[in-house]
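A structural walkthrough
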Amino acid sequence: SALGLAFGNRLAEARGNVGFDEGLSVFVSDIHVGGTPKVPCYPLRRLKAFVDEVLRIIPRPRRVISFGDLAYLWGRAEDYALSKPELKRLEAVGIELVFCMGNHDRRCEFAKAWPGHLERSPVPGKFVRTVSLGAADLVILDCLQGTDDRPLDDSGPDWGKLPKDVAEWVKDELPGRTRPYLLASHFPVNELKFGGEAEELMAPWLLGHSPMCIGYV
């Protein structure tokens, strides 16, 4: 609309007139930030360099998608607290942040550090999101095994698994989609453990179940 165009132009002007590429997304995975603010770790310096590089892209990407393992090993609160200021630099200029759960993450601590993200999921308690990449959608699945009651020194399961509630959402939601989409999770598809319906839905022949599915990230 004309109103939307005018609003977008005002935003671009306020942010240095760099604008956004609506079809451009930046993917990153396994950030693994840990430690304390007094003793910065090497992954934190890498994250800072990554954010600096993204902010140099003109026009700016519309979103940055983190494919899991934002935490170092155990999904502790201090891991998310340490990485958050760097990632907030992206939000500060209007770049959307989208997160996926990795095997070293812990849902409860992540949700505390980044309120609002879990509430956007169509599957209660799981980090499931659909985001537009422009010509296609990206459907992010939460394949983190187990619950958050594991011991604090437990680094989490090595393999991913499609939970039953996520598998049911996939079965109900995806076959009727009319836009092309990619499925995505932290885990390579050959490292996911399945069972029952989940195996049928996520096996390599999934493309036959939904003609709009064009691949897996």
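Coordinates for the structure precede this section.
In this report, we go over the structure that sits alongside the text.

About the thresholds
Residues numbered from 1 in each chain as written. Predicted model: local features only at pLDDT ≥ 70, side-chain atom pairs only at ≥ 80, totals over all residues. Heavy atoms only, no water. Helix = DSSP H or I, 4+ residues; strand = E, 2+ residues; numbered from the N terminus. Buried < 20%, exposed > 50% of the residue type's maximum accessible area, 1.4 Å probe, protein only. Contact = heavy atoms within 4.5 Å. Areas by Shrake-Rupley, 256 points an atom, 1.4 Å probe, with all protein chains shown as cover. Pairing = 2+ DSSP bridges. Axes fitted to C-alpha atoms, helices over the stretch in contact; angles between N-to-C directions. Polar contact = N/O pair within 3.5 Å; in protein donor to acceptor, adjacent residues only side chain to side chain. Salt bridge = Lys/Arg side-chain N within 4 Å of Asp/Glu carboxyl O. Phe/Tyr/Trp six-rings, centres within 6.5 Å; stacked < 30°, edge-to-face > 60°. Arc of directions from axis to C-beta. Expected span 1.5 Å × (residues − 1).

1. Remarks on the overall build of the protein
Check the secondary structure of the protein and you find six helices and nine strands. When each of the 217 residues of the protein is scored for burial, the buried share is 47%. Counted over contacts in the protein with a minimum sequence separation of 6, partners at least 24 positions apart contribute 76%. Of the roughly 10,900 Å² of accessible surface on the protein, 57% is carried by carbon and sulfur atoms.

2. Some words on the sheet that holds strand β7 (residues 181–184)
The strands making up a sheet are joined through hydrogen bonds of the backbone, oriented either antiparallel or parallel. A sheet is described by the order of its strands in space; here four strands give the open sequence β4-β5-β7-β9, paired in mixed fashion. With one partner strand each, in any of the chains shown, β4 (129–132) and β9 (213–216) form the two edges of the open sheet. Here the average twist between neighbouring strands, direction ignored, is 25°. Direction of pairing for β7 relative to β9: parallel, over a ladder of three bridges. Bridged to Y181 within β9 is C213.

3. Brief notes about the side chain of R62
Locating R62 in the fold gives a position in strand β2 (residues 60–66). From its side chain, R62 meets the backbone oxygen of G94 in a polar contact 3.1 Å long. Dropping the residues within four chain positions of it, R62 is found in contact with F20, D21, E22, L24, G94, I95 and E96.

4. Quick look at the pattern of salt bridges
Under the criterion given, the structure shown has 13 salt bridges. We note a salt bridge from R56 to E53, for which the minimum N-O separation is 2.6 Å. On the basis of relative accessibility, which here comes to 54%, the residue R56 falls in the exposed class. Between D142 and R107 there is a salt bridge, with the nearest N and O atoms lying 2.8 Å from each other. Here D142, found in the loop between β5 (137–140) and β6 (160–161), pairs with R107, found in helix α4 (residues 107–113); they are 35 residues apart in sequence, far enough to count as distant.

5. A short note on the packing of aromatic side chains
One pass over the full model with this rule turns up six aromatic pairs. Judged by centre distance (4.9 Å) and plane angle (45°), the ring pair of F99 and W114 falls under tilted. Linking F99 in strand β3 (residues 96–99) with W114 in the loop between α4 and β4, this pair joins segments that are 15 residues apart in sequence. In this structure W114 comes out as buried when scored by relative accessible area, which is 3%.

6. What about helix α5 (residues 164–173)?
Looking only at α5, the buried set comprises V166, A167, W169 and V170. All buried residues of α5 lie within an arc of 160° about the axis, which places them on one face of the element. Structural note: α5 exposes K164 and D172 on the side pointing more than 90 degrees away from its buried face.

7. Regarding helix α2 (residues 42–55)
An α-helical turn contains 3.6 residues, so any two residues separated by three or four positions project in the same direction. In this model α2 runs 20 Å from its N-terminal to its C-terminal C-alpha over 14 residues, within 8% of the 20 Å that 1.5 Å per residue would give. In this structure, the buried side of α2 is in contact with β1 (20–28), β2 and α3 (77–92).

8. A few points about the side chain of K126
With respect to the secondary-structure elements, K126 resides in the loop between α4 and β4. Of the polar contacts made by the side chain of K126, one reaches the side chain of D165; its length is 3.0 Å. When near neighbours in sequence (up to four residues on either side) are disregarded, K126 contacts R107, L118, S121, D142, P163, D165 and V166.

9. Regarding the sheet that holds β3
One open sheet holds the three strands; their spatial order is β1-β2-β3, and the pairing between them is parallel. Each edge of the open sheet is held by one strand with a lone partner, namely β1 and β3. Across the sheet, the mean angle from the axis of one strand to that of its neighbour is 25°, orientation sign disregarded. Relative to β2, β1 runs parallel, the two sharing six bridges. Following the sheet pairing, F20 is matched in β2 by R60. Across the sheet, α2 lies against β1 and β2, angled at about 150° from β2, the strand it touches most.

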